[in-house]
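Breakdown of the fold
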Amino acid sequence: MKILGLLLIVIGCGVLYCCHPNQSLLKQPLAKTYRGLGIIFSVSSLLILWWVLPKVVAVLSWLICITVVWSFLPFVPLFKQTGRS
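Note that the structure is a prediction, hence the values are computed from the model and not measured. (Residues numbered from 1 in each chain as written. Predicted model: local features only at pLDDT ≥ 70, side-chain atom pairs only at ≥ 80, totals over all residues. Heavy atoms only, no water.)

So, the side chain of Gln 23
Note the cut-off: Per the convention used, a helix needs a DSSP run of H or I reaching at least four residues, while a strand needs a run of E reaching at least two, with both numbered from the N terminus. Any N or O atom pair separated by 3.5 Å or less is treated as a polar contact, with the protein-specific requirement of one donor-capable and one acceptor-capable atom, and with residues adjacent in sequence counted only for side-chain atom pairs. In what follows, a contact means two residues having at least one pair of non-hydrogen atoms within 4.5 Å.
Mapped onto the elements of the fold, Gln 23 is located in the loop between α1 (2-19) and α2 (33-52). Separated by 2.8 Å, the side chain of Gln 23 and the backbone nitrogen of Leu 25 make a polar contact. Within the structure, Gln 23 has its side chain in polar contact with the backbone nitrogen of Leu 26 (distance 2.9 Å). In contact with Gln 23, other than residues within four places in its own chain, are Tyr 17, Cys 18, Gln 28 and Pro 29.

A short note on the packing of aromatic side chains
Here is the rule: Pairing of aromatic side chains here covers Phe, Tyr and the six-membered ring of Trp, requires ring centres within 6.5 Å, and sorts the geometry by plane angle: under 30 degrees stacked, over 60 edge-to-face, intermediate tilted. Think of it in three bands: with a 1.4 Å probe and only protein chains considered, a residue is buried below 20% of the maximum accessible area for its type, exposed above 50%, and partly exposed in between.
If you walk through the whole model with that rule in mind, you get 1 aromatic pair. Arranged with centres 6.4 Å apart and planes meeting at 25°, the rings of Phe 72 and Phe 79 form a pair that is stacked. Residue Phe 72 is classed as partly exposed on the basis of its relative accessible area, which comes to 48%. Using a relative accessible area of 64% as the deciding quantity, one classes Phe 79 as exposed.

Laid out in structure tokens, this is it:
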């Protein structure tokens, strides 16, 4: 269950990041309807972690995962191949 909670927060944060107009992963940001899906994933991951972990550990791990994902995602385009030889 812990892995499910962590997976949901990574997916939720990724969707929320891709919905923002200043994101650089996609050519166009995702539609606004996906923002609700990202929020649902994020909140449900907190609830899962809250259920399986001690409360302080659940909130701390949830916040750390959010920080790591949102710190790493802006740099993903730097790792893409540009097609240069």
